[in-house]
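Here is how the chains run, residue by residue.
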Amino acid sequence: QDPAAHKARVFPIPVEHLYFHSEILGVDKNFSVMLPRNYAKEPDRYYPVVYMLHGGGENDWEWANIPVSMISEAVTKVYNDGSATECIIVFPNATEYQGGYGNRDGWRYEDYFFQELMPVVEKRYRILADKGHRAVGGLSMGAGGTYQFAIAHPELFSSAYAISGHCMQDVTALSEE
């Protein structure tokens with residue numbers, strides 16, 4: 001679908017664009033968060049979390065702003081029809097500096113994700129921070145990251161959804177560790 005075709009629609013889902021300094025990566029890293037529409041109105045409610053990993057050449061801002069069209073439309077639909085519970089959706093950024101979700105010489109993105117990003121997000125927002133309420137998903141490069149994260153950390157995610165996965169690493173080796 002052409003995202004421009006959806007610009008006239010308004011979806012009541014707030015999106016925040018944030019960043020913090022990563023000690024592991026040595027740079028400021030940004031991420032975006034899509035909050036449930038009633039997040040501000042229900043201050044005692046805690047929510048499941050989904051980490052949505054973007055594909056190559058994309059970033060958190062684009063991924064989170066596709067919502068003005070497709071993602072937000074789909075989320076709004078499943079919330080409204082009751083087929084999904086409201087959740088917090090986190091869009092990390094794996095594009096700036098060096099692309100990809102894995103660790104490599106001089107760029108430890110996977111360590112950053114688990115040791116810095118997840119704790120920052122799960123402390124800042126009212127998240128049900130346990131395996132049963134945490135999922136990871138992604139598209140293309142993000143699907144590769146989804147495979148990698150779910151296999152390397154099965155204790156953290158109840159669900160993983162990989163769309164058109166591009167694996168940059170042998171995920172079978174991860175399962176043997």
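Thresholds, definitions, all that
Residues numbered from 1 in each chain as written. Predicted model: local features only at pLDDT ≥ 70, side-chain atom pairs only at ≥ 80, totals over all residues. Heavy atoms only, no water. Helix = DSSP H or I, 4+ residues; strand = E, 2+ residues; numbered from the N terminus. Buried < 20%, exposed > 50% of the residue type's maximum accessible area, 1.4 Å probe, protein only. Lys, Arg positive; Asp, Glu negative; His and termini not counted. Salt bridge = Lys/Arg side-chain N within 4 Å of Asp/Glu carboxyl O. Polar contact = N/O pair within 3.5 Å; in protein donor to acceptor, adjacent residues only side chain to side chain. Contact = heavy atoms within 4.5 Å. Pairing = 2+ DSSP bridges. Axes fitted to C-alpha atoms, helices over the stretch in contact; angles between N-to-C directions. Right-handed = clockwise from strand over helix to strand, strands pointing away. Parallel < 35°, antiparallel > 145°, perpendicular 65-115°, else oblique. Left-handed = near helix turned anticlockwise from the far one by under 90°. Core = buried A, V, L, I, M, F, W, Y, C linked by side-chain atoms within 4.5 Å.

Trainee: Run through the side chain of Glu116, naming residues and quoting values.
Mentor: Position of Glu116 relative to the elements: it lies in helix H3 (residues 109–124). No salt bridge forms around the buried Glu116; measuring N to O, its nearest opposite-charge neighbour Arg108 is 7.6 Å away. From its side chain, Glu116 meets the backbone nitrogen of Glu23 in a polar contact 2.9 Å long. Discounting residues that sit within four places of it in the chain, Glu116 has contacts with Phe20, Ser22, Glu23, Ile24 and Asp111.

Trainee: Can you break down the sheet that holds strand S1 (residues 15–22) residue by residue, with the values?
Mentor: Think of a sheet as strands paired side by side through backbone hydrogen bonds, with each pair either parallel or antiparallel. Read across the open sheet, the six strands follow the order S1-S2-S4-S3-S7-S8; overall the sheet is mixed. Only two strands of the sheet have a single partner each, and these edge strands are S1 and strand S8 (159–163). Each adjacent strand pair in this sheet contributes to an overall mean axis angle of 20°, direction not counted. As defined by bridge partners, S1 adjoins strand S2 (residues 27–34) across eight bridges and the pair is classed as antiparallel. Considered in S2, the bridge of Val15 is made with Met34. Across the sheet, H3 lies against S1, S2, strand S3 (49–53), strand S4 (88–92) and strand S7 (134–139), angled at about 125° from S1, the strand it touches most. Against the sheet, helix H4 (residues 141–152) makes contact with S3, S7 and S8, and its axis sits at roughly 145° relative to S7, the strand it touches most.

Trainee: Give me the lowdown on the pairing of S8, citing residues and values where you can.
Mentor: Alignment of S7 against S8, held across five bridges, turns out to be parallel. Across the sheet, the residue bridging to Val136 is Ala160, located in S8. What joins S7 to S8 is H4, and the crossover it makes is right-handed.

Trainee: Please provide a residue-by-residue account of the packing of H3 against H4, values included.
Mentor: At their nearest, the axes of H3 and H4 sit 12 Å apart, and the two run at 60° to each other. Comparing the axis directions of H3 and H4 gives the class oblique. Of the two possible hands of crossing, H3 and H4 adopt the one that is right-handed. From H3, Glu110, Phe113 and Phe114 reach across to H4, where they touch Gln148, Phe149 and Ala152.

Trainee: How would you sum up the nonpolar core? Please name residues and give values.
Mentor: By size, the foremost hydrophobic cluster in this structure holds 31 residues, and its most contacted members are Tyr51, Ile88, Phe113 and Tyr125. For this core, the secondary structure elements donating two or more residues are S1, S2, S3, S4, H3 and H4. One finds Met34, Val75, Cys87 and Ile89 within the second-largest nonpolar core, a separate group that totals nine residues.

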